[in-house]
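Survey of secondary and tertiary structure
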Amino acid sequence: MRDGGNARSGLLCRLGEPARSVWAKHDHDTDGWLPLWRHMEDSAAVAGLLWDRWLPVGVRKLIAEALAQGEPDARALAVWLAGVHDIGKATPAFACQVDQLADAMRDQGLEMRSRRALGPDRRIAPHGLAGQVLLGEWLEERHGWASARTGQFTVAVGGHHGVPPEHGQIKALYEHEELLRTPGVSSGVWRAVQTELLDACAERFDVVERLSEWRRVRLPQPVQVLLTALVIVSDWIASNPDLFPYGASRTDQERLTSAWQGRALLAHTTNNEQGFTFRTHDQCWHPTDHEGVTLIHRPDRNAPTATPAPRNGPPPGWSRASKRRRFGRG
């Protein structure tokens, strides 16, 4: 089994061995893996860069208006939520899925039943929902938040795969606490690791002092949606192993810089016959219009580079028949 990454990290130095053993990503083909602390760092770093270089000014302003210290508060909140979004992976329900990684956690006192033994009950605790519950508990127990105030923040964790949990799902998980922490002696170890990871994130992402102020905040629903969206995009980018490789011994900044300068391929909706198209960055694959259908073409590396002929008339993305109907020529 390849090492999951041992680069120096602001989170790593705050964690003991049990917390370091918690895994977040695993590649079945290569057996490579990524520890949870590493994915937390990567996701938070991406969120910070997206805030600084990508998020529209109007969006930043809308979030900032909900917080006492304005944009510094808003940026810190976005980075912190991205950092903690996968805390639900520090649970038996998630960690049991890869035997060798689960065994490494068991060696650190984090006992858990096998995936087969837990059976279909695992579906009650998807890691987003588990994370929302764990973060809410931590805010109440460690920072004195009222339970009624936690959901407006924790929903970004619970909904980071697109759909926020419903009340019934949260209630059902509370009735199966063994999915969050294995009962018995190991329960205390699980709780300590979950708390240690969240404490470390609060320190690392500079929100410890802010949390006492945020517990009195009321986040408007549009702000909750925008923060959740930013967490989703940050996680999507940080989960790409081509950008953030498993087992790479790099510093946090080296990983982020390398990823930001890397390759990207994006599919998005647009006004053409097909209804969508592609954009690429530093890719050998390029969108090609073929009779109104946009295809991704990988050119022959040995073929000479041809200068594209100038285009006259309607833009690409339309078949000849559609061009005649829509533009009067084709």
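Definitions and cut-offs
- Every chain is numbered on its own, with residues counted from 1 as its sequence reads.
- Only residues with pLDDT of at least 70 get local features here, since the model is predicted, and only at 80 or more are side-chain atom pairs given and counted; chain-wide, interface and lining totals rely on the full set of residues.
- Hydrogens are left out, water is left out, and the side-chain values use all remaining heavy atoms of the structure.
- Think of it this way: a Phe, Tyr or Trp ring, Trp meaning its six-membered ring, pairs with another when their centres are within 6.5 Å, and the plane angle makes it stacked under 30 degrees, edge-to-face over 60, tilted otherwise.
- Secondary structure follows DSSP: runs of H or I at least 4 residues long count as helices, runs of E at least 2 residues long count as strands, and numbering of each begins at the N terminus.
- Burial here depends on accessible area, computed with a 1.4 Å probe over protein chains only, as a share of the maximum for the residue type. Under 20% is buried, over 50% is exposed, and the range in between is partly exposed.
- Contact between two residues is taken to exist if any of their heavy atoms lie within 4.5 Å; hydrogens are not considered.
- The definition of a nonpolar core used throughout is a set of buried Ala, Val, Leu, Ile, Met, Phe, Trp, Tyr and Cys residues joined through side-chain atoms within 4.5 Å.
- The working definition used for a salt bridge is a side-chain nitrogen of Lys or Arg within 4 Å of a carboxyl oxygen of Asp or Glu.
- Known as pLDDT, the predictor's per-residue confidence is scaled from 0 to 100.
- Axes here mean lines fitted to C-alpha atoms, for a helix over just the part in contact, with angles spanning 0 to 180 degrees between N-to-C directions.
- Angular relationships are summarised with four words: roughly parallel below 35 degrees, roughly antiparallel beyond 145, roughly perpendicular across 65 to 115, and oblique for the angles in between.
- Helix crossings are classified by the rotation of the near helix relative to the far one: an anticlockwise turn of less than a right angle makes the crossing left-handed, while a clockwise turn makes it right-handed.
- Between any two strands, pairing holds if DSSP finds at least two bridges.
- Throughout, the ten residues Ala, Val, Leu, Ile, Met, Phe, Trp, Tyr, Cys and Pro are labelled nonpolar, Asp, Glu, Lys and Arg are labelled charged, and all others, Gly among them, are labelled polar.

**Points about the packing of aromatic side chains**
Summed over the entire model, instances satisfying the criterion amount to five aromatic pairs. Between W23 and F94, the aromatic rings sit 4.7 Å apart at their centres with planes inclined by 40 degrees, giving tilted as the arrangement. Placement of W23 in strand β1 (residues 23–26) and of F94 in helix α5 (residues 92–95) is noted, with a sequence separation of 71 residues between them. In this pair, the class of W23 matches that of F94, namely buried. Connected via pairs of aromatic rings, a cluster forms that spans W80, W138, W145, F153 and W214.

**A closer look at unusual backbone geometry**
The phi angle at D31 is positive, at roughly 65 degrees, despite the residue not being glycine. Tracing the chain through its elements places D31 in the loop between β1 and β2 (33–35). D31 gets classed as partly exposed once you look at its relative accessible area, which sits at 23%. The phi torsion at D206 lies on the positive side, around 60 degrees, for a residue other than glycine.

**So, the side chain of E137**
Its place among the elements puts E137 in helix α8 (residues 127–143). Residue class for E137 comes out buried when judged on its relative accessible area of 13%. Every residue in contact with E137, bar those within four places of it in the chain, is listed here: Y174, R181 and R191.

**Some points on the nonpolar core**
The biggest cluster of nonpolar side chains holds 81 residues, and the ones touching the most others in it are L77, W80, L197, L211, W214 and L219. Ignoring sequence-local partners within four residues, the contact set of L77 consists of L67, F153, W214, L219 and L227.

**Looking at the pattern of salt bridges**
Counting across every chain of the model gives 17 salt bridges. D73 is paired through a salt bridge with R210; the nearest N and O atoms lie 2.5 Å apart. Here D73, found in helix α4 (residues 71–84), pairs with R210, found in helix α12 (residues 208–214); they are 137 residues apart in sequence, far enough to count as distant. With a shortest N-O distance of 3.2 Å, E177 and R181 are connected by a salt bridge. Accessibility expressed as a relative area gives 3% for R181, which makes it buried.

**Examining the confidence of the model for the chain**
Any region with low pLDDT has predicted coordinates that should not be read closely. Mean pLDDT over the chain works out to 85, with 76% of the residues at or above the 70 mark. Scored below 50 in pLDDT, residues 1–8 shows 29 contacts in the model against residues more than four places distant or in partner chains. For residues 305–310, every residue scores under 50 in pLDDT, and the model assigns this stretch zero contacts once sequence neighbours within four places are set aside.

**So, the packing of helix α2 (residues 36–53) against helix α13 (residues 221–238)**
The geometry of α2 relative to α13 is characterised by a closest axis approach of 8 Å and an angle of 120 degrees between their N-to-C directions. As far as their axial angle goes, α13 and α2 are oblique. In terms of crossing hand, the pair formed by α2 and α13 is right-handed. Here H39, D42, S43, V46, A47, L50 and W51 of α2 lie close against α13, whose contacting residues are L230, V233, S234, D235, I237 and A238.

**Notes on the pairing of β1**
Bridge count between β1 and β2: three bridges; the pairing is antiparallel. Note on β2: the bridge partner recorded for H26 is W33. Between the antiparallel neighbours β1 and β2 lie six residues, among them D31 with a positive phi of about 65 degrees.

**Remarks on the side chain of S234**
Relative to the elements of secondary structure, S234 occurs in helix α13. Excluding residues that lie within four positions of it along the chain, S234 makes contacts with S43, V46, A47, L50 and A82.

**A few points about the packing of α8 against helix α9 (residues 147–158)**
Where α8 contacts α9, the axes come no closer than 8 Å and their chain directions differ by 145 degrees. Pair α8 / α9 crosses with right-handed handedness. Touching G128, L129, G131, Q132, L135, G136, L139 and E140 of α8 are S147, T150, T154, V155, V157 and G158, all from α9. Class assignment for the residues of the contact of α8 with α9 results in five nonpolar, eight polar and one charged.

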